[in-house]
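A structural walkthrough
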Amino acid sequence: MDGRGQEAMPAADRNAAGRVGRARVDGRDEARAMDPLLIQIADLPGSERSRRFEGHAVGDAGISFFVTDAPAGHGPSLHTHPYAEVFAVEEGHVAFTVGDATIEAEAGQVVVVPAGIPHKFVNLGPGRSRHLDIHASCTMQSEWLEE
Ligand SMILES: [Zn+2]
């Protein structure tokens, strides 16, 4: 760390909604298109179980993701995306259905779902599961395949 990053967080500014901080860059604090953004995960849309970040909302970020922190039994129904989705499991045990395969993943493992492949997941428990669900697109697009 070069120290600049450490300074940036306390100096972060807040917009009218109090949600997004703009870090200081080279001593300047006015908003610029290329400034890094500091966003509180708790302020992203969604619920405590699943927060959604979409790259298009912050300019040119080329990805989107869900931050998932879910109780046992939680997970979405079968769906597809026109881009790859990558799950980085940080805590818990999660069963992924990817096409015809069932993959059980735990903390420290990554599951890659190719574009267009139907998939879903469920937290096997007994505790919560935490994972980052990265969508290789700045806009999320999902087709739901079951009720
Ligand atoms: Zn998905």
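See the structure printed just above.
Since this is a predicted model, take the numbers as computed values, not measurements.

A word on the overall build of the protein
Of regular secondary structure, the protein possesses one helix and 13 strands. Going residue by residue from the N terminus, the α and β elements of the protein occur as α-β-β-β-β-β-β-β-β-β-β-β-β-β. Taken over 147 residues, the protein has a buried fraction of 16%. Expressed as a percentage of contacts within the protein between residues at least 6 apart in sequence, the contacts between residues at least 24 apart total 62%.

Some points on the nonpolar core
Of all hydrophobic cores here, the largest spans five residues; its members are F87, V89, V94, A105 and F121. Apart from residues lying up to four places away in sequence, V89 is in contact with V94, A105, E106, A107, Q109 and H131.

Things to note about unusual backbone geometry
The linkage connecting G125 with the following residue, P126, adopts the cis geometry, with an omega of 5°. Its location among the elements puts P126 in the loop between β11 (119-123) and β12 (129-135).

Structural notes on the sheet that holds strand β7 (residues 85-91)
Spatial ordering of the open sheet is given by β3-β4-β5-β12-β7-β10, a layout of six strands whose pairing is antiparallel. Looking at the sheet topology across the chains shown, the edges are occupied by β3 (46-47) and β10 (110-113). In terms of strand pairing, strand β5 (residues 64-70) meets β12 through seven bridges, oriented antiparallel. Its bridge partner being in β12, D69 is matched across the sheet by R130.

Here we look at the environment of A107
Note that A107 resides in the loop between β9 (101-106) and β10. What makes A107 partly exposed here is the crowd of 14 C-beta atoms within 10 Å. Linking A107 and A88, residues 19 residues apart in sequence, is a C-alpha distance of 8.1 Å.

Details of the pairing of strand β4 (residues 50-54)
Side-chain positions along a regular strand alternate between the two faces of the sheet. Of the strand pairs in this sheet, β3 and β4 are connected by two bridges, and their pairing is antiparallel. When the bridges of β4 are listed, S47 appears paired with S50. Between β3 and β4, which pair antiparallel one after the other, the connecting turn spans two residues. Summarising the sheet, β4 and β5 pair through five bridges and their orientation is antiparallel. Each bridged residue has a counterpart across the sheet, and for S50 the counterpart in β5 is T68.

Parameters at a glance
Residues numbered from 1 in each chain as written. Predicted model: local features only at pLDDT ≥ 70, side-chain atom pairs only at ≥ 80, totals over all residues. Helix = DSSP H or I, 4+ residues; strand = E, 2+ residues; numbered from the N terminus. Buried ≥ 20, exposed ≤ 12 C-beta atoms within 10 Å, placed from the backbone. Contact = placed C-beta atoms within 7 Å. Core = buried A, V, L, I, M, F, W, Y, C linked by C-beta atoms within 7 Å. Pairing = 2+ DSSP bridges.

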